[in-house]
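Read off the chains here:
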Amino acid sequence: MSQKFIINGGRPIEGAIKVKGAKNAALKVFPLALMTSEPIGISNMPEIEDCYRAEEMLVALGHEVSRSGKGVVEISYKSRTCVNLPPGLVNKFRASIMFVGPLLATCGEVCFPHPGGCVIGAGTRPIDMFLDGFVKMGAKVEVLENSYRLSAKKLKGATIFFPKITVTGTESLMTTACLAEGITILKNCAMEPEIPALAEFLNTMGAKIAGAGTPVIKIEGVKKLRGGNYMLIPDRIETGTFAILAAVANSGEVLIENCNPGHLEALWALFDKIGVNYKLGQNSVKISPTKKILPSNVVTHEYPGFATDLQSPYTVLMTQAHGLSLIHETIHDRRLLFTDMLTQMGANIIMADPHRVVVSGPSKLYARKLISPDLRAGIALVIAALIAEGSTEIDNIYQIERGYEDLVERLTGLGADIKKV
Ligand code: EPZ
């Protein structure tokens, strides 16, 4: 039986909450262990399901993963046991594709099924830009009945243009190119903060990457990478999620600590527009109650634009704004479907098309029995439940715990009435 959250809404939300290390940075660092025979240490690691799956993947591939404390992971090489990525793990998280390039570069081949993860794209989320990139670097790609088989005697540097900006695609090809022969130039790259952070760590391992965090990245291949220690950057999506929760609850002062407010400029610009009171510190943000939340349209955009991963909490916020807001989701195809559940809770939302909803607020929300469809929709339902009247039950919380550590403890610390059963 799956676990559920039971949330009694309407409690004041106030106090302090600490942000954990970035999930979407963590998942990209585990596979680097495949590219060196020296140990890798990672700190500020979030204790979440997706990271446990990434650890299991390394163990399945013959590495040893140990912990010397909460959030501190050490990975060492024992022996390479196989070049097949275990389907049961690949199915569970999209970032499993980050293991493909390092195996291809070091073993010359890799087999894997289509990666899983949040069901937020049309059908399964495509991997064409990864495959095209590996082909440009000299790999042969075979599409088998239930899997892909990639092989290459030697990967070679190449110039690769991404037809569409892709975060993990940029990270995957940038990482793989470190062990390819010659120079790789990646164009139209994603610029999310996790990318320069990953490049900086790879450079301490001996890689030669320039331009990460800009649209053009140049990588000079090296023969070997060393080990090293990496401290993950704070999770900007957690930061934004908690800031939006504080704004939606609008009931007390909330201090969000251990974060990097510089990674969320698009959110602060929106807060200016809709009248949320906030104060940025160097590593913290304080949200204070406001008289009235105003509506504002939003269009999700690649970094430094407004993050798609914050669209669902922002949509909940707009149910409490005084007026109409248009939410336009441009990155993922199915990310607005969860608004149906907000409507069931009493929100006034009209879907114009699968990429656009119009929210008319403010609406009183009421408790319902809900099922979390995916990670970010799930956390949005948690936020909605925290301001709803009555006791909301949210099922399928594995999807939420994939990305948020100790959610019950941390939200309880802010005064929420939330239990896991
Ligand atoms: C990353 O996904 C994040 N995941 C996502 O966060 C985030 O929503 C997304 O970037 C956008 O910011 C991780 O970092 C693990 P993309 P990613 O490739 O890299 C299309 C969360 O909730 N595309 O930038 O998989 C794709 O379908 C997760 O934490 C292709 O068409 O996203 C999408 O429309 C969910 N072909 C667009 O590009 C490809 O080969 C951008 O996706 C690859 C992607």
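Residues numbered from 1 in each chain as written. Predicted model: local features only at pLDDT ≥ 70, side-chain atom pairs only at ≥ 80, totals over all residues. Heavy atoms only, no water.

1. Comments concerning the domain arrangement of the protein chain
Inclusion rule: Note that domain bounds follow an automatic or database assignment of domains. We call two residues in contact when some of their heavy atoms are within 4.5 Å. In short, buried area is how much 1.4 Å probe accessible area vanishes from two parts on joining, totalled over both. For this analysis, a salt bridge means a side-chain nitrogen from Lys or Arg found within 4 Å of a carboxyl oxygen belonging to Asp or Glu. In DSSP terms, a helix is any run of H or I states spanning at least four residues, a strand is any run of E spanning at least two, and both are numbered starting from the N terminus.
Split by domain assignment, the protein chain resolves into domain 1 (5–20 + 234–420) and domain 2 (23–231). Centre-to-centre, using C-alpha coordinates, domain 1 lies 30 Å away from domain 2. With 23 residues of domain 1 in contact, the opposing surface of domain 2 contributes 25 residues. Buried area between domain 1 and domain 2, summed over both chains or domains, comes out near 2,100 Å², and the portion from carbon and sulfur atoms is 50%. The tally of links between domain 1 and domain 2 comes to four salt bridges. Across the salt bridge formed by Asp406 and Lys70, the nearest N and O atoms sit 2.8 Å from each other. Elements represented by at least two residues in the side of domain 1 that touches domain 2 include exactly helix H12 (375–387) and helix H13 (398–401).

2. Section: the site of the ligand
Using the following cut-off: In these notes, residues near a molecule or strand are those with any non-hydrogen atom within 4 Å of it. Two N or O atoms count as a polar contact when they lie within 3.5 Å, although within protein this holds only if one can serve as hydrogen donor and the other as acceptor, and sequence-adjacent residues are included solely when both atoms are side-chain atoms. All accessible areas in this document rest on Shrake-Rupley with a 1.4 Å probe, and a residue is counted as covered only by the protein chains that are shown. Note on residue classes: Ala, Val, Leu, Ile, Met, Phe, Trp, Tyr, Cys and Pro are nonpolar, Asp, Glu, Lys and Arg are charged, and everything else, Gly too, is polar.
The ligand sits among 24 residues. The nearest are Thr166, Thr168, Asp309, Ile331 and Arg376. A distance of 2.7 Å separates a nitrogen atom of the ligand from a polar atom in the side chain of Asp128. Here an oxygen atom of the ligand sits 2.9 Å away from a polar atom, N or O, in the side chain of His332. With the chains in place, 91% of the 830 Å² that the ligand exposes on its own is no longer accessible. For the shell around the ligand, the secondary-structure elements that each account for two or more residues are helix H1 (23–29), helix H5 (128–136), helix H6 (167–177) and H12. Here the residues of the shell around the ligand sort into 10 nonpolar, five polar and nine charged.

3. Some remarks on the packing of aromatic side chains
Any two aromatic rings considered together are summarised by their centre-to-centre distance and by the angle between their planes. Cut-off, in case you're wondering: Pairing of aromatic rings covers Phe, Tyr and Trp, the last through its six-membered ring, and needs centres within 6.5 Å; plane angles under 30 degrees mean stacked, over 60 mean edge-to-face, and all others mean tilted.
Scanning all chains against the criterion turns up six aromatic pairs. Ring pairing ties together the aromatic residues Trp268, Phe271 and Tyr278, which thus form one cluster.

4. Re the side chain of Thr170
If you trace the backbone, Thr170 turns up in helix H6. Of note is the side chain of Thr170, whose polar atom sits 2.6 Å from the backbone oxygen of Thr166.

5. Comments concerning helix H2 (residues 49–60)
This is how it is decided: By this rule the span expected of a helix is its residue count minus one, scaled by 1.5 Å. For each residue, the accessible area found with a 1.4 Å probe, counting protein chains only, is set against the maximum for its type, and the residue is called buried under 20%, exposed over 50%, and partly exposed in between.
Under the 1.5 Å per step criterion, the end-to-end length of H2 is 16 Å for 12 residues, consistent within 8% with the ideal 16 Å. Looking at H2, one finds that the buried residues are Asp50, Cys51, Arg53, Ala54, Glu55, Met57 and Leu58. Tucked inside the fold, the buried residues of H2 contact H1, strand S4 (63–69), strand S5 (72–77), helix H3 (87–90) and H13. Taken from the residues just after H2, Gly62 is the one with a positive phi, measuring 100 degrees.

6. Quick look at the packing of helix H10 (residues 311–318) against H12
Definition in use: Interaxial angles span 0 to 180 degrees and are taken between N-to-C directions of axes, which are lines fitted to C-alpha atoms, for helices over the stretch in contact. Roughly parallel means an angle under 35 degrees; roughly antiparallel means over 145; roughly perpendicular covers 65 to 115; every other angle is labelled oblique. Crossings are assigned a handedness: left-handed for a near helix turned anticlockwise from the far helix by less than a right angle, right-handed for a clockwise turn.
Orientation of H10 relative to H12, taken along the N-to-C sense of each, is 25 degrees, at an axis distance of 8 Å. With respect to H12, the axis of H10 lies roughly parallel. In terms of crossing hand, the pair formed by H10 and H12 is right-handed. Of H12, the residues touching H10 (which contributes Ser312, Pro313 and Val316) are Arg376, Ala377, Ile379, Ala380, Ile383 and Ala384. Residue composition of the contact of H10 with H12, grouped by class: seven nonpolar, one polar and one charged.

7. Regarding the environment of Thr412
Among the secondary structure elements, Thr412 is positioned in helix H14 (residues 407–412). Taking the C-alpha atoms as reference points, Thr412 and Ile17, separated by 395 residues in sequence, lie 10.0 Å from one another.

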